[in-house]
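Summary of structural features
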Amino acid sequence: TDEPKCCSVLVLKWADRTDSIAFNCSCHYPPRASRMRSPRSFLAAVSGHLAGRQAPAAPGHHSLPVRTLQTLAQREPVRLKKLSAPDTGILELTLERPEVKNAISWELMTRLRGAIHKIEADATAKVVLVASSGPGVFCAGADLKERRHMSSSHVKEYANSLRSTFSYFEALSIPTIAVIEGAALGGGLELALSCDLRICGENATLGLPETGLAIIPGAGGTQRLPRITGRSRAKELIFTGRRCDATEAVLMGLANYCVPAGEAYGKALELAREMTKKGPLGVRMAKKAIDQGMEVADMRSALAVEGECYEQLLHTQDRLEGLAAFADKREPVYTGE
């Protein structure tokens, strides 16, 4: 347009037409009245179109700061998507703040918790893939720009909420797989640690740099990392804040696979597809047996957990279907019953 750079035009491309809606800043540049709408009439125009009717035209010009326009156009920070056949049962949970390397803000954390609740309530869900919409980064950790304006009590509340959100995610009854391309640092790595598996592109960088900020990993990193890599290795990585690459992550057991850059999602999807072929109740009970068994004091107690999980599968239709399919030399058709 011929407006100065401080003014903005939002182009909405619908199926049947294209709307150009201009928003002027406070520079007093003469607006094009035919395209100028206020925030109220802009929202009315959008909602009116979605309702299948033409919204009323704006009666006049009201200026709208560019910052407000950016807020209106901002995408959701977390997206949950169910894949269709032949990948039914696989869900994608995608972080959608690539412009700030998926930094975990209050809003992102809230949306993440809401997505986890939806997954938990979905009886058809079998596997969750956690990925980033932006290339070259999984998640760079907490939103430090937002944190600079928090009081100590607010920081405590944020850390407690993030810790409980990741624990909520870890407690899902179905397998979860982190797809890591690029940086997974601080809270980003702690999110990945709350997943069952981690698949890394060879460009991945993993680390917990919090001690460099005179704090500690506060969303489960000090507890989950030693349970995965061992106590000594976890202490080294946390005390020094050192970052490791994908190859080293696999060697220390922090990652399951290292694949060429850009191929981590494909490998994760391959594993997810293998999981969805198995008995869903069996997979859920296997996860429960492993997770709960690792938290008890001794092997005898752990084996008791395994026995309880096994017994819950004895009277299922899926167990009978598995035996029948084996006898008939065919692929089983599991229903989760």
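Here, every reference points to the structure presented above.
A brief structural summary. From a predicted model like this one, the values you see are computed outputs, not experimental measurements.

Definitions and cut-offs
Residues numbered from 1 in each chain as written. Predicted model: local features only at pLDDT ≥ 70, side-chain atom pairs only at ≥ 80, totals over all residues. Heavy atoms only, no water. Helix = DSSP H or I, 4+ residues; strand = E, 2+ residues; numbered from the N terminus. Salt bridge = Lys/Arg side-chain N within 4 Å of Asp/Glu carboxyl O. Buried < 20%, exposed > 50% of the residue type's maximum accessible area, 1.4 Å probe, protein only. Core = buried A, V, L, I, M, F, W, Y, C linked by side-chain atoms within 4.5 Å. Pairing = 2+ DSSP bridges. Axes fitted to C-alpha atoms, helices over the stretch in contact; angles between N-to-C directions.

Our next topic: unusual backbone geometry. A cis amide bond links A85 to the next residue, P86, at an omega of 10 degrees. Of note, P86 is situated in the loop between strand 3 (78-82) and strand 4 (90-95). One non-glycine residue, K101, adopts positive backbone phi at about 55 degrees. One non-glycine residue, A214, lies in the positive phi region at around 65 degrees. Within the fold, A214 resides in the loop between strand 10 (205-207) and helix 7 (221-229).

Glancing now at the pattern of salt bridges. When the charged atoms of two side chains lie near each other, side chains of opposite charge can form a pair. On inspection of all chains with the given rule, the structure shows 17 salt bridges. In this structure, the salt-bridge partner of R111 is E76, at a minimum N-O distance of 3.2 Å. Residue R111 is located in helix 3 (residues 106-121), and its partner E76 is located in the loop between helix 2 (66-73) and strand 3; the two are separated by 35 residues in the primary sequence. Looking at E76, the relative accessible area reads 42%, which means it is partly exposed. E107 is paired through a salt bridge with R111; the nearest N and O atoms lie 3.9 Å apart. Here the residue E107 and the residue R111 both occupy positions in helix 3, the gap between them amounting to four residues, near one helical turn. What makes E107 partly exposed here is its relative accessible area of 37%. Its relative accessible area of 39% is what places R111 among the partly exposed residues. Residues participating in the shared-partner salt-bridge network are R233, E236, R242 and E248.

Next up on the list: the nonpolar core. Of all hydrophobic cores here, the largest spans 47 residues; its most connected members are L93, F138, F169, I180 and L206. Broken down by element, this core gets its largest block of residues, six residues, from helix 3. Counting 16 residues, the second-largest nonpolar core is a separate cluster that includes V127, I177, V179 and A268.

We now examine the sheet that holds strand 4. One open sheet holds the six strands; their spatial order is 3-4-5-7-9-12, and the pairing between them is mixed. Two strands close off the open sheet at either side, each with one partner strand: strand 3 and strand 12 (257-259). Within this sheet the neighbouring strands show an average axis-to-axis angle of 20 degrees, counted without direction. Pairing geometry for strand 3 and strand 4, over five bridges, is antiparallel. Directly across from L80, in strand 4, lies its bridge partner L93.

A separate point is the pairing of strand 7 (residues 176-180). Counting buried positions along strand 7 yields five of five residues, so the element is predominantly enclosed. Neither face of strand 7 is exposed, since T176, A178 and I180 on one face and I177 and V179 on the opposite face are all buried. Where strand 5 (residues 127-132) meets strand 7, three bridges bridge the pair, whose relative direction is parallel. Looking across to strand 7, one finds that V130 is bridged to A178. Direction of pairing for strand 7 relative to strand 9 (residues 197-201): parallel, over a ladder of four bridges. Paired with V179 across the two strands is I199, which belongs to strand 9.

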